Every structure is written in structure tokens, then in C-alpha cells.
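Spelled out from the first residue to the last, the chains are:
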Amino acid sequence: KAGVTQTPRYLIKTRGQQVTLSCSPISGHRSVSWYQQTPGQGLQFLFEYFSETQRNKGNFPGRFSGRQFSNSRSEMNVSTLELGDSALYLCASSFTGTRGTDTQYFGPGTRLTVL
Amino acid sequence: KNEVEQSPQNLTAQEGEFITINCSYSVGISALHWLQQHPGGGIVSLFMLSSGKKKHGRLIATINIQEKHSSLHITASHPRDSAVYICAVRYGGSQGNLIFGKGTKLSVKP
């Protein structure tokens, strides 16, 4: 069974631009969660999607948004990029997500650099 | 404020040593996770606990709900165990967000 895939793996953008990151979950998984990891703040929860609905949201500004498609693939978008958005963005998938007890499987991450 | 504290921040051990990483949290939780992150960023979920103890190979995770504390133990440590170990808790019932500790960087020397 293929694991969680994220594209692109590396991305360089400049301030003010916007970016879209993609996550393909493990086949059969309906939940996709997104996380941001920075050296200063560590890992932080961004949001969770389950069956195309945002079910849970972390404490991030509205510039961070996402969506999930009917095949469970998910995208996150960051508009008006700031230097502080430079981070590793990780997604994780599971059958039941944050409301369940099953394991989350993480993707390799997308490393975003904002210049 | 809901916080997750891990100790130590950094840990160096000799191969074969018994290792303990600690995690404390401030209020009641519905679940606690231990994650392992290798250089390069890949994260593996090791355990999810709501009570008691779980064991997988050389890894043991325990949680004490009354003391709001969890430990991750590694027996007979090996250089391949070198990684960052992250504790995460879910507050506010099953719908709560995950809050992460800063991680413990473990280096096991041969």
C-alpha cells in the first residue's frame, strides 16, 4: 500500500506570493490533517479535513486555508506569504482522524522557503 | 494555557543504554501520542495512549493520568534510535486539536 505523498517536496517563493501544497492520503483514509513545523515553534496543528469538510482548525491566520476533494486528496493554500511562513509542512492521514483512536500516517513533508 | 513540556531537550547515550524521555501536560487530555522524527523530516507515529502502558519491540510508553505525565522508554538503545521524539496531546475531548512538545533530540553513540 502506498504511503502518504506530498508534492512538491521543496518550494521557494517570495514574500507576497501564494502557494498551494498537495497531499495524497493512504488509500481508504478519509481524514487528512496538516501541520506546520518551524525551528522556533516546533510542530503546530493547522487543520483537519474529513470527508471534504474541515472538522478542526488550529490557531493560524486566515491566509492559511485548505480543502479536500472527493478522493480524499487535500490541498492547503497560503496567500500573501510572509518570511515567517518558511517551514516544513506535513500532512497526515488516517481512517478516523483526530476523533478516533487509529494511527496517523505522516507524509515526507513540503519544505517551503520564503525569500 | 494548554502546554506540553518534554525533558530532556537533548540526550546522548551509549549503545545499549536504557533511555527515558518524559512528557508533562497541564490539564486533562483525551489522548497522548509519541512520535519519532528522523533527520530529513519523516515522522512516524509510535504510540497513542489514553491510559496505562503500551509496548512495541524495544519501546515502552506509559501514562499516569493523575500526575499528567507520560514516559517513553527505549531498552537496549541502538544508533538507529537516534531521532527526535515528540510528545503530542489532544485536549478538549476527541475533537480537540493536537498540541505538541518541542521534542527530545536523542543521539545514540556506538
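Undergrad: Account for the environment of A:F106, naming residues and giving values.
TA: Tracing the backbone through its elements, the reader meets A:F106 in strand β10 (residues 105-106). Here the alpha-carbon distance between A:F106 and A:Q6, two residues 100 residues apart in the chain, equals 9.6 Å. When residues no more than four places from it in sequence are discounted, the contact partners of A:F106 are A:V4, A:Y35, A:L90, A:C91, A:A92, B:L35 and B:I43.

Undergrad: Requested: an account of the sheet that holds strand β1 (residues 4-7) of chain B, with residues and values cited.
TA: Residues and elements named next belong to chain B. Read across the sheet, five strands follow the order β1-β3-β8-β7-β6 without closing on themselves; strand pairing throughout is antiparallel. The strands lining the two open edges of the sheet, one partner per strand, are β1 and β6 (52-56). Strand-to-strand, the axes of this sheet are offset by a mean angle of 15°, without reference to chain direction. Taken together, the four bridges between β1 and strand β3 (residues 19-25) define a ladder with antiparallel strand orientation. When the bridges of β3 are listed, E5 appears paired with S24.

Undergrad: Describe the environment of A:M76, and please don't skip the residues or the numbers.
TA: Residue and element names in this part refer to chain A. In this structure, M76 sits in strand β8 (residues 74-78). The class of M76 is buried, set by a relative accessible area of 1%. Expressed as a C-alpha distance, the spacing of M76 and F64, which sit twelve residues apart in the sequence, is 7.2 Å.

The rules we used
Residues numbered from 1 in each chain as written. Chains lettered and ligands numbered in written order. Predicted model: local features only at pLDDT ≥ 70, side-chain atom pairs only at ≥ 80, totals over all residues. Heavy atoms only, no water. Helix = DSSP H or I, 4+ residues; strand = E, 2+ residues; numbered from the N terminus. Contact = heavy atoms within 4.5 Å. Pairing = 2+ DSSP bridges. Axes fitted to C-alpha atoms, helices over the stretch in contact; angles between N-to-C directions. Buried < 20%, exposed > 50% of the residue type's maximum accessible area, 1.4 Å probe, protein only.

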